[in-house]
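As a plain string of letters, each chain reads:
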Amino acid sequence: VQLQASGGGLVQVGGTLRLSCEASGRTFSRYTVGWFRQAPGKEREFVAAISRNNGHTYYAESVKGRFTMSRDNTKSTMSLQMNNLKPEDTAVYYCAADSQLIVGLIRRAAQYDYWGQGTQVTVSS
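Read on for a plain summary of the structure. Only a predicted model underlies this, so the values are computations on that prediction, with no experimental measurement involved.

Per the counting criterion, the structure on display carries four salt bridges. Arg37 serves as the salt-bridge partner of Asp89, at 2.9 Å between the closest nitrogen and oxygen. Remark: Arg37 occurs in strand S4 (residues 32-38) and Asp89 occurs in the loop between strand S8 (77-82) and strand S9 (91-98); sequence separation between them is 52 residues. What makes Asp89 buried here is its relative accessible area of 0%. The shortest N-O distance in the salt bridge between Arg66 and Asp89 comes to 2.7 Å. Residue Arg66 is located in the loop between strand S6 (57-59) and strand S7 (67-72), and its partner Asp89 is located in the loop between S8 and S9; the two are separated by 23 residues in the primary sequence. Residue classification places Arg66 among the buried residues on the basis of a relative accessible area of 9%. Within the structure, one salt-bridge network assembled from shared partners comprises Arg37, Glu45, Arg66 and Asp89.

Moving on: the side chain of Thr32. The residue Thr32 is located in strand S4 in this model. Within the local environment of Thr32, its side chain forms a polar contact with the backbone nitrogen of Arg52, the two atoms lying 3.0 Å apart. Beyond its immediate chain neighbours, meaning those up to four positions away, Thr32 contacts Ile50, Ser51, Arg52, Asn53, Arg71, Ala96, Ala97, Asp98, Leu101, Ile106 and Tyr112.

Every second residue of strand S3 (residues 17-24) is oriented toward a common face, the buried set being Leu17, Leu19, Cys21 and Ala23 and the non-buried set Arg18, Ser20, Glu22 and Ser24. Pairing between strand S1 (residues 2-6) and S3: five bridges, direction antiparallel. Bridged to Ser6 within S3 is Ser20. Pairing between S3 and S8: six bridges, direction antiparallel.

Rules used in this analysis
Residues numbered from 1 in each chain as written. Predicted model: local features only at pLDDT ≥ 70, side-chain atom pairs only at ≥ 80, totals over all residues. Heavy atoms only, no water. Salt bridge = Lys/Arg side-chain N within 4 Å of Asp/Glu carboxyl O. Helix = DSSP H or I, 4+ residues; strand = E, 2+ residues; numbered from the N terminus. Buried < 20%, exposed > 50% of the residue type's maximum accessible area, 1.4 Å probe, protein only. Polar contact = N/O pair within 3.5 Å; in protein donor to acceptor, adjacent residues only side chain to side chain. Contact = heavy atoms within 4.5 Å. Pairing = 2+ DSSP bridges.

On their own, these measurements won't tell you what the molecule is for.
In structure tokens:
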């Protein structure tokens, strides 16, 4: 599957952005999908994911209550609605997918086989 992320940009503290990721290739519903981010000098970190196994959505504690992830299997897309953005949310955001991932490993970037190209999110104070 190929992934194409979009929607990043520059926003002020407290603002909102919506990221989108469009998938092409194989049946999208067969994939667990996730969002990760990487700030300069830091490791790539988990943001949110939706399991293909149980349909549940998982969030990092740092974004819980502010970010909402969704997917539309009919359109092969996933989105990340980001509200009340903070300077520490500044990073390159990546969408990812995997067809074999078990729920227990859903937060591990190394377990995802497919990645989008990344989109920059900058939150200014």
